[in-house]
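What follows is the residue order along each chain.
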Amino acid sequence: MDYAVKNIDGKIINKKLTVSVPGSKSITARALLLAAMADGDSTLYGAQTSDDCTTFLNCVNALGVKTEINGTTINVSGCGGSLPVKCGEVYVGSAGTAARFITALLAFSGGTFTVTSSAQMAARPIKPLIDALICAGAQFTFKGEPYCFPFTVTGTRTPAQEIYVDVSQSSQFLSAVLMAAPCTGKTIKIIPSGSHGMKYVDMTLDMMWSFGVDVKYDGGAYIVSGSYKGKKYEIEPDLSAACYFYAINRILGTDITVNGVMPRSMQGDRQFISLMQSGFNGGEADMSTYSDQALTLAAIAPYLQKPTHICGIEHIRRQECDRIAAIVKNLTAMGVECKEEAGGVTIYPCTPHGAQIETFGDHRVAMSFAISGLKTDGVVIKNAEVCSKTFKEFFDVLDGVINKLCE
């Protein structure tokens, strides 16, 4: 479907309102994995039910772990670190978290599994993770291109005691190995190289500790020991989803708050909310630790007073689409001057005009540029349904916000 954004600039009557967003995708995925490996039952409250999280849940079920869903509550019967199923096929779709986390789990499972994905996911980088898992003792047979989906993985229950992980492309590779390692029942040292999105690694460590596993950081290495225990766990609201509404505040002067957003959070995107609340009006923004919001900042940058230079985001070229190229293409279509760089983009203030926004199958392109259209006529989001990957109700929620602001 295409979504025609309503320009509400100058039409706002009620500036103050509160909205709700789904639970965090990042936390939901981690909680599902930890609960699946735990000894005993877990109850996860406030889980996200997006396409990505449904895919993750389907993967867990395919491995023999039993779950029950009641709205946003998920009950998980943990397998105690030993998967009930020892062979089969698992489909990770376009879900990056499922692709990385499930692959690592299977590498330590002792079974043999074929892992398939969407074409989009097959094009995303996973070689550093596979290298780390081969280092650990897992075996991979690739069905097509090396280091790409689909492949067959034969896991090990006697992994190497030291595993090296390159995180320069994605911190999810380190998170995946960290979370999966305890299912072997052994103490393992995990040694990362490079640095990228380490706030998400902090989230991983906090959640591992919450589910009963001990992780010590010593001399540049993580020492993982212990096992997961089932528990009741409350999932934070998704700050990546919340950020769009704080971006609206910045360009329209509204006072929208999102239920459950606290000053402290495990989620790195809290930095974007702080940036918006600081009155940021252009300048340099190093978004290396909260790069999911690079598109959001780019979409509102034309309305800021000074040129905006977004840097530290070279890696977003390898996500659902080349996000830097998507920024430049869509802003250019709106008449915005911008300068593309290898690891960033500079955007100059102007008055944009309407345009057809190409989403490139990327949920964040769709949601970010919808915010642009609230301040200019004629912005149409093509294939807006791609937002279902992480926030399928986004445009319904946005319509509700528009109506309440203008009623």
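Shown above is the structure to which this text applies.
Residues numbered from 1 in each chain as written. Predicted model: local features only at pLDDT ≥ 70, side-chain atom pairs only at ≥ 80, totals over all residues. Heavy atoms only, no water.

1. Side note on the pairing of strand E15 (residues 255-258)
Residue alternation in E15 divides its side chains into a buried set, Ile256 and Val258, and an unburied set, Asp255 and Thr257. Examined bridge by bridge, strand E2 (residues 16-19) and E15 share four bridges and lie parallel to one another. Each bridged residue has a counterpart across the sheet, and for Lys16 the counterpart in E15 is Asp255. (Buried < 20%, exposed > 50% of the residue type's maximum accessible area, 1.4 Å probe, protein only. Helix = DSSP H or I, 4+ residues; strand = E, 2+ residues; numbered from the N terminus. Pairing = 2+ DSSP bridges.)

2. Points about the environment of Gly361
As for its placement among the helices and strands, Gly361 is situated in the loop between strand E20 (355-357) and helix H12 (363-372). Sequence separation of Gly361 and Leu252 is 109 residues, and the distance between their C-alpha atoms is 28 Å. With residues up to four places along the chain from it excluded, the contact list for Gly361 reads Gln120 and Val386. (Contact = heavy atoms within 4.5 Å.)

3. Quick notes on the sheet that holds strand E11 (residues 188-193)
Strand order across the open sheet formed by four strands is E10-E11-E13-E12, with mixed pairing between neighbours. Of all strands in the sheet, those with a lone pairing partner are strand E10 (162-166) and strand E12 (214-218), marking the two edges. On average, each strand axis in the sheet is tilted by 25° relative to the strand beside it, whichever way the strands run. The pairing of E11 with strand E13 (residues 221-225) spans three bridges and is antiparallel. Along E13, the bridge assignment pairs Ile188 with Val224. (Axes fitted to C-alpha atoms, helices over the stretch in contact; angles between N-to-C directions.)

4. Thoughts on the sheet that holds strand E9 (residues 151-154)
Strand order in the open sheet made by the four strands is E6-E7-E9-E8, with mixed pairing throughout. Two strands lie at the open edges of the sheet, namely strand E6 (87-91) and strand E8 (139-142), each paired on one side alone. Across the sheet, the axes of successive neighbouring strands diverge by a mean angle of 20°, strand direction being ignored. Across four bridges, the pairing between strand E7 (residues 112-116) and E9 is antiparallel. Bridging from a neighbouring strand, Val115 pairs with Phe151 of E9.

5. A few points about the packing of helix H3 (residues 96-107) against helix H6 (residues 172-180)
Taken N-terminus to C-terminus, the directions of H3 and H6 make an angle of 40°; their axes are 8 Å apart at the nearest point. The orientation of H3 relative to H6 falls into the category oblique. For H3 against H6, the interelement crossing comes out right-handed. Listed contacts from H6 to Gly96, Thr97, Arg100, Phe101, Ala104 and Leu105 of H3 are Gln172, Phe173, Ser175, Ala176, Val177, Met179 and Ala180. For the contact of H3 with H6, a count of residues per class yields eight nonpolar, four polar and one charged. (Parallel < 35°, antiparallel > 145°, perpendicular 65-115°, else oblique. Left-handed = near helix turned anticlockwise from the far one by under 90°. Nonpolar A, V, L, I, M, F, W, Y, C, P; charged D, E, K, R; others polar.)

6. Focus: the environment of Gly260
Following the sequence through the fold, Gly260 ends up in the loop between E15 and helix H9 (270-277). Considered as a pair, Gly260 and Lys392 are 132 residues apart in the sequence and their alpha carbons are 19 Å apart.

7. Things to note about the packing of aromatic side chains
In this structure the tally under the stated criterion is 13 aromatic pairs. Ring centres of Phe140 and Phe142 lie 6.2 Å apart, and the angle between their planes is 15°; on these two criteria the pair is classed as stacked. On the basis of relative accessible area, Phe140 is assigned to the buried category, the value being 14%. Seen from their ring centres, Phe140 and Phe151 are 5.3 Å apart, and the 70° between their planes marks the pair as edge-to-face. Residue Phe140 is located in strand E8, and its partner Phe151 is located in strand E9; the two are separated by eleven residues in the primary sequence. Across this residue pair, the class does not change: Phe140 and Phe151 are buried. (Phe/Tyr/Trp six-rings, centres within 6.5 Å; stacked < 30°, edge-to-face > 60°.)

8. Quick look at unusual backbone geometry
The step from Phe149 to Pro150 runs through a cis peptide bond, and the omega angle for that step is 0°. By the secondary structure assignment, Pro150 is in the loop between E8 and E9. Located in the positive-phi region is Tyr147, a residue other than glycine, with phi close to 65°. You can see Tyr147 is positioned in the loop between E8 and E9. A positive phi angle, near 55°, is found at Phe360, a position not held by glycine.

9. Topic: the packing of helix H1 (residues 25-37) against helix H2 (residues 51-62)
As a packed pair, H1 and H2 sit with axes 10 Å apart at the nearest point and diverge in direction by 10°. As the angle between them shows, H1 and H2 are arranged roughly parallel. On H2, the residues that touch Lys25, Thr28, Ala29, Leu32, Leu33 and Ala36 of H1 are Asp52, Cys53, Phe56, Leu57 and Val60. Split by residue class, the contact of H1 with H2 holds eight nonpolar, one polar and two charged.

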